[in-house]
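Secondary and tertiary structure notes
Take a look at the letters that make up each chain.
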Amino acid sequence: MQAQVVALRDVTPTVREFELRPRREGEGEGGLAGAYEPGAHLQVQVMTAQGRLQTRSYSLVGEGDGRCWRIAVKRLDDGRGGSLAMWRLAVGDRLQVSAPQNHFGLDLSAPGYLLVAGGIGITPLVLMAQRLAAHARRTGVPVKMLYGARNAEEFGYLAHLRDALGEGVTAHEGSTPIDFAAAIAALPAGGQLYTCGPVPMLEAVKRAWHAAGRPIADLRFETFGSSGRLATQSFQVCIPRHDLTLTVPADCTLLEALDAAGVQTLWDCKRGECGLCAMDVIAVDGEIDHRDVFLSEHEKQSTTRICACVSRAVGTLTLDSAYRADS
Ligand code: FES
């Protein structure tokens with residue numbers, strides 16, 4: 001459906017909030033935004049500066065009012081161009097959006113909760129904090145939150161979180177490592193942890209969760225495909241099995257480039273979580289920037305596989321696909 005930008009607000013120097021009012025062709029504007037659950041996101045179509053139409057997922061921020069959706073976008077000057085396209089929008093502009101979808105649902109049956117957000121990863125957790133605060137008032141189930149940001153100006157939603165959780169929120173500024181082990185130790189047995197943030201933070205949370213012997217099913221996370229170690233740039237890919245060499249442009253994922261070149265791929269989440277798109281790496285002339293949370297740290301270091309939906313490289317990769325000619 002179409003949505004119109006009805007308001008813009010900079011919540012930090014690098015994060016802009018968009019209020020979008022959905023409308024269907026020939027219909028009025030009332031009530032289309034409907035209700036949604038914590039963890040929901042919109043798919044949004046953006047036109048990059050290179051004229052490529054791309055789809056991005058943005059979490060819905062906070063409780064809705066039934067008329068509009070709110071999303072927040074971090075401006076990434078060295079990203080794939082989606083955030084810059086969003087930042088070029090003005091009030092009154094229209095764009096294509098999906099209805100809300102949710103792969104990061106909140107389960108209210110646990111005896112305690114820990115929320116961990118890093119940077120723009122706060123967006124899906126704002127509504128979780130608000131719903132869990134209401135749940136805590138009804139049931140007494142404890143909720144704690146850790147919120148990390150690069151500097152004090154980048155705590156975009158801290159006031160909302162303090163309103164909901166009061167002293168239950170701890171803000172961590174700068175690059176000092178957060179003591180996830182201590183926070184996990186304070187979580188009651190059977191408690192759940194919900195986290196969203198950059199890949200290194202998610203890896204640290206996963207390590208601490210495993211070290212505490214907690215069940216993996218109680219750790220719920222969502223990634224965003226922009227959290228690379230290296231700046232996003234074009235790179236080369238050779239696939240001897242298909243006798244193919246191609247360039248992956250900066251505003252395109254490896255998966256999209258393979259698809260455009262006619263290489264059949266498997267995929268599901270497109271967020272670096274399920275591993276279905278993982279391809280074998282034959283050689284690396286340069287460096288891989290792993291942006292997934294599926295491969296183990298050992299696999300990432302040994303550079304034997306790459307998740308094509310989010311991970312990138314600098315230089316040239318030689319890959320193998322799963323394609324096998326019929327014998
Ligand atoms: S499609 Fe799920 S990790 Fe790439």
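Residues numbered from 1 in each chain as written. Predicted model: local features only at pLDDT ≥ 70, side-chain atom pairs only at ≥ 80, totals over all residues. Heavy atoms only, no water.

1. Quick word on the packing of aromatic side chains
Under the convention used in this document: Planes of paired rings set the category: under 30 degrees apart is stacked, over 60 is edge-to-face and the rest tilted, where pairs are Phe, Tyr or Trp rings (Trp by its six-membered ring) whose centres lie within 6.5 Å. Look at NZ for Lys and CZ for Arg. If either is within 6 Å of the ring centre and within 35 degrees of the ring normal, a charge sits over the ring.
A complete count under the given rule lists 3 aromatic pairs for this structure. Through a chain of ring-to-ring contacts, the aromatic side chains of Phe-104, Tyr-113 and Tyr-194 assemble into a single cluster. Between the NZ or CZ atom of Arg-16 and the centre of the ring of Trp-87, over which it lies, the distance is 4.0 Å. Stacked on the ring of Trp-267, the Lys or Arg Lys-270 has its end atom at 3.9 Å from the ring centre.

2. Some remarks on the domain arrangement of the protein chain
Let me state the cut-off plainly: Throughout the structure description, domain borders are defined by an automatic or database domain assignment. Any two residues whose heavy atoms approach within 4.5 Å are treated as being in contact. Accessible surface is computed with a 1.4 Å probe, and the buried area is the amount of it that two parts give up when combined, taken over both parts together.
Taken domain by domain, the protein chain comprises domain 1 (2–101), domain 2 (113–222) and domain 3 (235–319). Averaged C-alpha coordinates put domain 2 and domain 3 at centres separated by 30 Å. If you look at the interface, domain 2 gives 7 residues, while domain 3 gives 8 residues. Considering only the side of domain 2, the residues that lose the most area to domain 3 are Val-199, Glu-203 and Phe-221, jointly responsible for 58% of the buried surface there.

3. Here we look at the sheet that holds strand 3 (residues 40–47)
In plain terms, the rule: By the convention used here, strands pair only if DSSP detects at least 2 bridges between them. A run of H or I in DSSP becomes a helix once it reaches four residues, and a run of E becomes a strand once it reaches two; helices and strands are each numbered from the N terminus.
If you walk across this open sheet you meet the 3 strands as 4-3-7, and the pairing is antiparallel. Each edge of the sheet is formed by a strand with only one pairing partner; in this case those strands are strand 4 (53–59) and strand 7 (101–102). As paired strands, strand 3 and strand 7 are joined by 2 bridges and run antiparallel to one another. The residue of strand 7 that forms the bridge with Ala-40 is Asn-102.

4. Some remarks on the environment of Ala-72
Rules: Accessibility here uses a 1.4 Å probe with only protein chains present; expressed as a share of the type maximum, an area under 20% marks a residue as buried, one over 50% as exposed, and anything in between as partly exposed.
Relative to the helices and strands, Ala-72 resides in strand 5 (residues 69–74). On the basis of relative accessible area, Ala-72 is assigned to the buried category, the value being 5%. Setting aside chain neighbours within four positions, we find Ala-72 in contact with Val-15, Arg-16, Glu-17, Tyr-58, Ser-59, Val-61, Ile-120, Thr-123 and Tyr-157.

5. Focus on the environment of Ala-278
If you trace the backbone, Ala-278 turns up in strand 15 (residues 278–289). Note on Ala-278: relative accessible area 21%, which makes it partly exposed. Linking Ala-278 and Thr-265, residues 13 residues apart in sequence, is a C-alpha distance of 9.2 Å.

6. Points about unusual backbone geometry
Within the chain, Lys-270 stands out as a residue other than glycine whose phi angle is a positive 60 degrees. For Lys-270, the location among the structural elements is in the loop between helix 6 (254–260) and strand 15. The exposure class assigned to Lys-270 is partly exposed, which follows from its relative accessible area of 44%. One non-glycine residue with positive phi stands out, namely Thr-303, at about 45 degrees. Relative to the helices and strands, Thr-303 resides in the loop between helix 7 (297–302) and strand 16 (305–307). The class of Thr-303 is partly exposed, set by a relative accessible area of 30%.

7. Regarding the nonpolar core
We count it as follows: Take the buried Ala, Val, Leu, Ile, Met, Phe, Trp, Tyr and Cys residues and link them wherever side-chain atoms come within 4.5 Å; each set so joined is a nonpolar core.
In terms of nonpolar packing, the biggest core is built from 33 residues, with Tyr-113, Leu-115, Ile-122, Leu-125, Met-145, Leu-165 and Tyr-194 touching the most fellow members. Put simply, the parts of the chain that give this core at least two residues each are strand 8 (113–118), helix 2 (123–139), strand 9 (143–149), helix 3 (158–165) and strand 11 (192–196). With 6 residues, the top contributor of residues to this core is helix 2. Three or more residues apiece are contributed to this core by two domains, here domain 1 (2–101) and domain 2 (113–222).

8. Concerning the pattern of salt bridges
Test applied: Should a side-chain nitrogen of Lys or Arg be within 4 Å of a carboxyl oxygen of Asp or Glu, the pair is scored as a salt bridge.
Inspection of the entire model under this criterion finds 18 salt bridges. Across the salt bridge formed by Asp-10 and Arg-16, the nearest N and O atoms sit 2.7 Å from each other. When its relative accessible area of 45% is taken as the criterion, Asp-10 is described as partly exposed. Here Glu-37 and Arg-131 are joined by a salt bridge, their closest N and O atoms 3.2 Å apart.

9. Examining the packing of helix 2 against helix 3
We apply this condition: Convention adopted: a line fitted to C-alpha atoms gives each axis, helices being fitted over their contacting stretch, and angles between N-to-C directions are expressed from 0 to 180 degrees. An angle below 35 degrees is treated as roughly parallel, one above 145 as roughly antiparallel, one from 65 to 115 as roughly perpendicular, and anything else as oblique. Crossing chirality is assigned from the near helix's rotation relative to the far helix, an anticlockwise turn below a right angle marking it left-handed and a clockwise turn marking it right-handed.
Two elements in contact, helix 2 and helix 3, have axes separated by 8 Å at closest approach and are oriented at 10 degrees. Taken together, helix 2 and helix 3 sit at an angle that is classed as roughly parallel. Handedness of the helix 2/helix 3 crossing: left-handed. Each of Val-126, Ala-129, Gln-130, Ala-133 and Arg-137 in helix 2 lies in contact with helix 3, whose residues at this interface are His-160, Leu-161, Ala-164 and Leu-165.

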